[in-house]
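# A look at the structure
Each chain, written out:
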Amino acid sequence: MGFRTQRPIASLDLEQGVRVLLAAGGYRTTGDLAGATAQSLVRELGMTLDQANNVMRKVHHEPIPSISALDALSKERSRCSITTSCKAFDDMLGGSGLPGGRVTEICGAPGMGKTQYGMQLCVNVQLPRSLGGANGDAIYIDTEGSFIVERVAQMAAATINAHHLAGMSGCRNTVDDFLAHVYVFRVHGYLEEVALMNQLDEFLKKHTNVRLIVIDSIAFHFRQSFTDMGLRTRLLNGMAQTLRRVADQYNIAVMLTNQMTTKISRGANSSGTDSTTLVPALGSSWGHACTNRIILYWQRDIRCATLVKSPNLQERTVQYDITPDGVRDVASGYNPLKRRLEQ
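Residues numbered from 1 in each chain as written. Predicted model: local features only at pLDDT ≥ 70, side-chain atom pairs only at ≥ 80, totals over all residues. Heavy atoms only, no water.

On to the overall build of the protein, then. When helices and strands are counted, the protein shows 12 helices and 11 strands. For 343 residues, the compact-globule formula gives about 20 Å, and the C-alpha radius of gyration of the protein, at 22 Å, lands near that figure. Based on the C-alpha atoms only, the size of the protein along its principal axes is roughly 70 × 65 × 40 Å. The buried share of the protein, taken over its 343 residues, is 48%. Sequence-distant contacts, at least 24 apart, represent 64% of the contacts inside the protein between residues at least 6 apart. On the protein, roughly 16900 Å² of surface is accessible, and the fraction owed to carbon and sulfur atoms is 50%. (Helix = DSSP H or I, 4+ residues; strand = E, 2+ residues; numbered from the N terminus. Rg over C-alpha atoms; globule rule 2.2 N^0.38 Å. Buried < 20%, exposed > 50% of the residue type's maximum accessible area, 1.4 Å probe, protein only. Contact = heavy atoms within 4.5 Å. Areas by Shrake-Rupley, 256 points an atom, 1.4 Å probe, with all protein chains shown as cover.)

Counting across every chain of the model gives 10 salt bridges. The salt bridge involving D91 is made with K87; its shortest N-O contact spans 2.9 Å. One end of the pair, D91, and the other, K87, are both in helix α5 (residues 87-92), four residues apart, so they sit about a helical turn from each other. Since its relative accessible area comes to 53%, K87 is described here as exposed. (Salt bridge = Lys/Arg side-chain N within 4 Å of Asp/Glu carboxyl O.)

Counting residues in each nonpolar core, the largest one holds 40 residues, and the members touching the most others are F89, L212, I294 and L296. No other element matches the five residues that helix α6 (residues 114-124) contributes to this core. Excluding residues within four positions of it along the chain, I294 makes contact with F89, M92, L93, T104, E105, I106, C107, A305, T306 and L307. Grouped together as the second largest cluster of nonpolar side chains are 33 residues, V103, F203, A240 and I252 included. (Core = buried A, V, L, I, M, F, W, Y, C linked by side-chain atoms within 4.5 Å.)

Once that is clear, we can look at the environment of D301. With respect to the element layout, D301 can be found in the loop between β8 (292-299) and β9 (302-309). A C-alpha to C-alpha distance of 19 Å links D301 and Y117, two positions 184 residues apart in sequence.

This part covers the pairing of β8. Taken together, the five bridges between strand β1 (residues 103-108) and β8 define a ladder with parallel strand orientation. Within β8, the residue paired with I106 across the bridge is I294. Where β8 and β9 come together, seven bridges link them in antiparallel fashion. Residue pairing across strands places I295 opposite T306, the latter belonging to β9. What sits between β8 and β9 in their antiparallel hairpin is a turn of two residues, with R300 showing a positive phi close to 55°. (Pairing = 2+ DSSP bridges.)

Along an α-helix, residues three or four positions apart point the same way, because every turn accommodates 3.6 residues. The terminal C-alpha atoms of helix α9 (residues 190-206) lie 25 Å apart, and with 17 residues this matches the ideal 24 Å at 1.5 Å per residue to within 8%. If you look at α9, its biggest bend is around 45°, right at Q199. (Expected span 1.5 Å × (residues − 1). Bend = angle between axes of the 7 residues up to and from the residue.)

So, about helix α10 (residues 229-249). Look at α10: 30 Å from first C-alpha to last across 21 residues, which is about the 30 Å you get at 1.5 Å a residue. Of all the positions in α10, only R232, L235, L236, G238, M239, A240, T242, L243, R245, V246 and A247 are classed as buried. On the buried face of α10, the contacting elements are β1, α9, β4 (210-216), β5 (253-258) and α11 (283-286). At the N-terminal end of α10, a side-chain oxygen is found 3.0 Å from the backbone nitrogen of L231, two or three residues along, and the residue is D228. Two residues or fewer after α10 comes N251, characterised by a positive phi angle close to 55°. (Polar contact = N/O pair within 3.5 Å; in protein donor to acceptor, adjacent residues only side chain to side chain.)

This part takes up the packing of helix α2 (residues 38-45) against helix α3 (residues 49-61). Helices that pack against each other are described as a pair by the angle of their axes relative to one another and the distance between those axes. In the contact formed by α2 and α3, the axes pass within 8 Å of each other and the chain directions differ by 130°. In terms of axis orientation, α2 runs oblique to α3. For the crossing formed where α2 meets α3, the hand is right-handed. The residues of α3 that touch α2, namely those facing A38, Q39, L41 and V42, are L49, A52, N53, V55 and M56. Here the contact of α2 with α3 is built from residues that sort into seven nonpolar, two polar and no charged. (Axes fitted to C-alpha atoms, helices over the stretch in contact; angles between N-to-C directions. Parallel < 35°, antiparallel > 145°, perpendicular 65-115°, else oblique. Left-handed = near helix turned anticlockwise from the far one by under 90°. Nonpolar A, V, L, I, M, F, W, Y, C, P; charged D, E, K, R; others polar.)

Keep in mind these values describe shape, not function.
Given below as structure tokens:
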């Protein structure tokens, strides 16, 4: 049987354990199952015959959902964004901050503040909508061991003070309240990372108030002694499909951090010598995985962020700062030379 369209296996209404077995066997889309039978799935993956028959029924008969353009517009307008606590950064992303239902990638060299953005968003997502939050919870997937709970507590305390939340009813107003609603997963290898992606649906169905997922960083385990580049590409593509679907289905803002790597172009200069450029890690194919891509960098001792990819926003560069209170706008009259001398 031929497949007119290919859908991610994760989008089918299957048991979580069955989806895990299919993913482990390399079945990511319905197209991958084009030559499979229920009996072959039983032999290859070890699932029961009833489970295998159910998979084939879903693949062959599951209707493809549709939505009108008007409903799609209404859905987009109903999504909530999350402020970054930097107005310039929020404006660059359309005025309200990190968009819900989308996957946004923030790239930069070490020390640029990628992790700081992730932790700040974990605090801000819990703010009431009237203050730029989503009144929701956060998932933080830590691949590098860079999540520092004391820093999150510091940001939460500063946020409470800045918005005068202490004593306010109807919202979270203590540091403990904020910390209790950030779910941290520490993953130590790419297999754990992929397994966690396969378990996201189950977790989100139990924790229905999650409105933010941060992965810091997406690249770390996929750059460590990974020799099978074909497998790496397939795993990353599968993760990207899962994250895009989860963002849309559960109305969640997904933020990924990514590292930078050096790209060498042989004989690219006019003199025939090699040239080097800093580019986001994981290659050019990964650049299509996210809805928005932002690159952080230094410019004359000032932190800058450039939106380099977006389907609906123009390329733009803004300045930002990392302060003891968290991510903030650059103060008016900021003098980088004075700051360097003071340090």
